[in-house]
Amino acid sequence: MIKPYDFVPFLKYQPYERKGNMEGKIPIKISTITPIHISSGSYGIIDNKTIYKEFVKVNDQVIIPGTSFKGCVRNIAESISYSCLSIDYKNSNIDKSKLPDKRETKGKKCIICDMFGSMGYKSKIQFSDLKAKKYKTTIKGIPRSFNPNPRSRFYFDNNGRYKGYKFYKHGINGIQPTGKILCEFVLPGAQFEGNIIFQNLTSEQVQLLCFSLGLSTDINPKIGYGKQHFYGSIEVKSDSKWEELANQYKTIDY
């Protein structure tokens, strides 16, 4: 059985105790590669009979919420750094005995908790909402999505341990399956703009942030609903200096 996801192996956990003083603003431009849907929690209606999930909007203009984008980038950054695991065990079906030893040492933050914040620690990075500058929407029906099942045999290696961080694969536009769950999608080719502001980061953390955004072109983030059905792929770009920092992370040794 071919699965629409794969795993990034866990890296070991290391406390991160370096102090940073770098600050800046990263201008962000996002282009949609496949249709994306980020739910507002509200429903629209067509012809007084067809109900669909609306895309999140502000003043009737679609946006990518900064919180959604931040969560997406944090997941990528966590998977490629010596970080702890940010898991809500109470609301998940994860078998803790099958996880690697990536627990945070009491009173010592990992590189990700130091950057993005955690319980008791303030984030050093702010993501603005990304406003649409060019876009078209359509109502598409997609298959029903189900919560991940981390007890599935596909999640474990030959030693009975979790394989790593789960990420959904990209697919070319046009192969996305259809179904009965109607959603408002932003079509491929849409453009969004916003900013990321950071302060008190180390040079390694800035490089990690830029790489996790996809500015080196090695990765494309996925966001929103239907990722397992090949929706939600985006391309992120910025100024050349931030793209250069993203490429520097590939050779970093901290």
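Our structure is the block above this text.
Rules of the game
The residue numbering used here restarts from 1 in each chain and proceeds along that chain's sequence as written. Note on the predicted model: pLDDT of at least 70 is required for a residue's local features to be given, and 80 or more for side-chain atom pairs to be given and counted; whole-chain, interface and lining totals, by contrast, use all residues. As a rule here, side-chain values come from all non-hydrogen atoms in the structure, and water together with hydrogens is ignored. Put simply, DSSP marks the helices as runs of H or I at least four residues long and the strands as runs of E at least two long, and each gets a number from the N terminus on. Remark: exposure states derive from per-residue accessible area (1.4 Å probe, protein chains only) relative to the maximum for the residue type, with buried under 20%, exposed over 50%, and partly exposed in between. By definition in these notes, contact holds between two residues if any of their heavy atoms fall within 4.5 Å. Asp and Glu are treated as the negative residues and Lys and Arg as the positive ones, with His and the ends of the chain left uncounted. Charged side chains are reduced to one point each, which is NZ for Lys, CZ for Arg, CG for Asp and CD for Glu. In this description, a disulfide is simply a cysteine sulfur pair whose atoms lie within 2.5 Å. We define the nonpolar core as a collection of buried residues of types Ala, Val, Leu, Ile, Met, Phe, Trp, Tyr and Cys that are connected through side-chain atoms lying within 4.5 Å of one another. Angles shown run from 0 to 180 degrees and are taken between the N-to-C directions of axes, each axis being a line fitted to C-alpha atoms and, for helices, limited to the stretch in contact. Should an angle fall under 35 degrees it is called roughly parallel, over 145 degrees roughly antiparallel, and 65 to 115 degrees roughly perpendicular, with every other angle called oblique. When residue character is reported, Ala, Val, Leu, Ile, Met, Phe, Trp, Tyr, Cys and Pro are called nonpolar, Asp, Glu, Lys and Arg charged, and the others, Gly included, polar. Strand pairing requires that DSSP identify at least two bridges connecting the strands. Here the aromatic set is Phe, Tyr and Trp, taking the six-membered ring for Trp, and pairing holds for ring centres within 6.5 Å; pairs whose planes are under 30 degrees apart are stacked, those over 60 apart are edge-to-face, and all others are tilted. We call a charge positioned above a ring when the Lys NZ or Arg CZ atom is no farther than 6 Å from the ring centre and deviates by at most 35 degrees from the ring normal. Note: the arc covers the axis-to-C-beta directions of the helix. How far a helix is expected to stretch is found by multiplying one less than its residue total by 1.5 Å.

Enquirer: Please explain the overall build of the protein as it appears in this structure.
Expert: Per the secondary structure count, the protein includes four helices and 13 strands. Its C-alpha atoms give the protein principal-axis dimensions of roughly 60 × 45 × 30 Å. Classification of the 254 residues of the protein by burial places 41% in the buried group. For the protein, long-range pairs separated by at least 24 residues make up 81% of all intrachain contacts whose partners lie at least 6 apart in sequence. Distance between charge centres in the protein, computed from 39 positive and 23 negative side chains, equals 6 Å.

Enquirer: What should I look at first to understand the state of the cysteines in this one?
Expert: Between two cysteines, a covalent bond joining their sulfur atoms is known as a disulfide. On inspection of all chains with the given rule, the structure shows zero disulfides. Residue C110 stays outside any disulfide, its sulfur separated by 3.5 Å from that of C84, the closest cysteine. Distance from the sulfur of C113, which forms no disulfide, to the nearest cysteine sulfur (C84) is 3.6 Å.

Enquirer: Just to check I follow, could you spell out the nonpolar core for this structure?
Expert: The tendency in soluble globular proteins is for nonpolar side chains to be buried side by side. Among the nonpolar cores identified, the biggest contains 46 residues, and F69, L209 and L213 are the most heavily contacted of them. If you look at the next biggest cluster of nonpolar residues, it comprises nine residues, including Y5, F10, L85 and Y155.

Enquirer: In this structure, what is going on with unusual backbone geometry? I would like to understand it.
Expert: If a residue is not glycine, its phi is most likely negative; likewise, a peptide bond is most likely trans. Despite not being glycine, N48 has its phi angle at roughly 60°, a positive value. Assignment of secondary structure puts N48 in the loop between β3 (39–46) and β4 (50–55). Of the residues examined, N48 reaches a relative accessible area of 71% and is grouped as exposed. Although it is not a glycine, N200 sits at a positive phi angle of roughly 60°. Position of N200 among the secondary structure elements: in strand β12 (residues 191–201).

Enquirer: For this particular structure, what's the right way to read the packing of helix α3 (residues 203–212) against helix α4 (residues 240–248)?
Expert: When two helices pack together, you describe them by how their axes are tilted relative to each other and by the distance separating the axes. Running from N to C, α3 and α4 point in directions that differ by 100°, and their axes come no closer than 7 Å. If you check the angle between α3 and α4, you find them roughly perpendicular. Side by side, α3 and α4 meet where V206, Q207, C210 and F211 of the first sit next to W242, L245, A246 and Q248 of the second. Split by residue class, the contact of α3 with α4 holds six nonpolar, two polar and no charged.

Enquirer: Even after reading the chapter, I still don't get the pairing of strand β13 (residues 234–237), so can you show me in this structure?
Expert: Side-chain positions along a regular strand alternate between the two faces of the sheet. Only one face of β13 is covered, namely the face carrying I234 and V236; the face carrying E235 and K237 is uncovered. In the sheet, strand β2 (residues 22–32) pairs with β13 via four bridges, with the strands oriented antiparallel. Pairing of T32 across the sheet is with I234, part of β13.

Enquirer: Just to check I follow, could you spell out the packing of aromatic side chains for this structure?
Expert: Any two aromatic rings considered together are summarised by their centre-to-centre distance and by the angle between their planes. In this structure the tally under the stated criterion is 10 aromatic pairs. Each ring, one from Y5 and one from Y168, has its centre 6.2 Å from the other, and the planes form 85°; the classification is edge-to-face. Separated by 163 residues along the polypeptide, Y5 in strand β1 (residues 5–9) and Y168 in strand β10 (residues 164–168) bring together distant segments of the chain. Look at Y168 and you get partly exposed, because its relative accessible area is 22%. Between F198 and W242, the ring centres sit 5.9 Å apart and the planes meet at 90°, which makes this aromatic pair edge-to-face. Of this pair, F198 sits in strand β12 while W242 sits in helix α4, and the two are 44 residues apart along the sequence. Take F198 and W242: they sit in the same class, and that class is buried. In textbook terms, an aromatic cluster arises when at least three aromatic residues are bridged by ring pairs, as seen for Y5, F7, Y155 and Y168. Lying across the ring of Y225, K53 places its NZ or CZ 4.9 Å from the centre. If you follow R153 out to its NZ or CZ, it ends over the ring of F154, 4.2 Å from the centre.

Enquirer: Just to check I follow, could you spell out α4 for this structure?
Expert: Given 3.6 residues to a turn, an α-helix orients residues that are three or four positions apart in the same direction. Looking at α4, one finds that the buried residues are W242, L245 and A246. Angular distribution of buried residues about the axis of α4 spans 105°; they occupy a single face of the element. Among the exposed residues of α4, those oriented more than 90 degrees off its buried face are S240, K241 and E244. Its buried side turned inward, α4 meets β2, β12 and α3.

Enquirer: I keep staring at helix α1 (residues 66–79) and nothing clicks. Help me out?
Expert: Here α1 is 14 residues long and its end C-alpha atoms lie 20 Å apart, about the 20 Å a rise of 1.5 Å per residue gives. For α1, every residue scored as buried is listed here: G66, F69, C72, V73, R74, I76, A77, E78 and S79.

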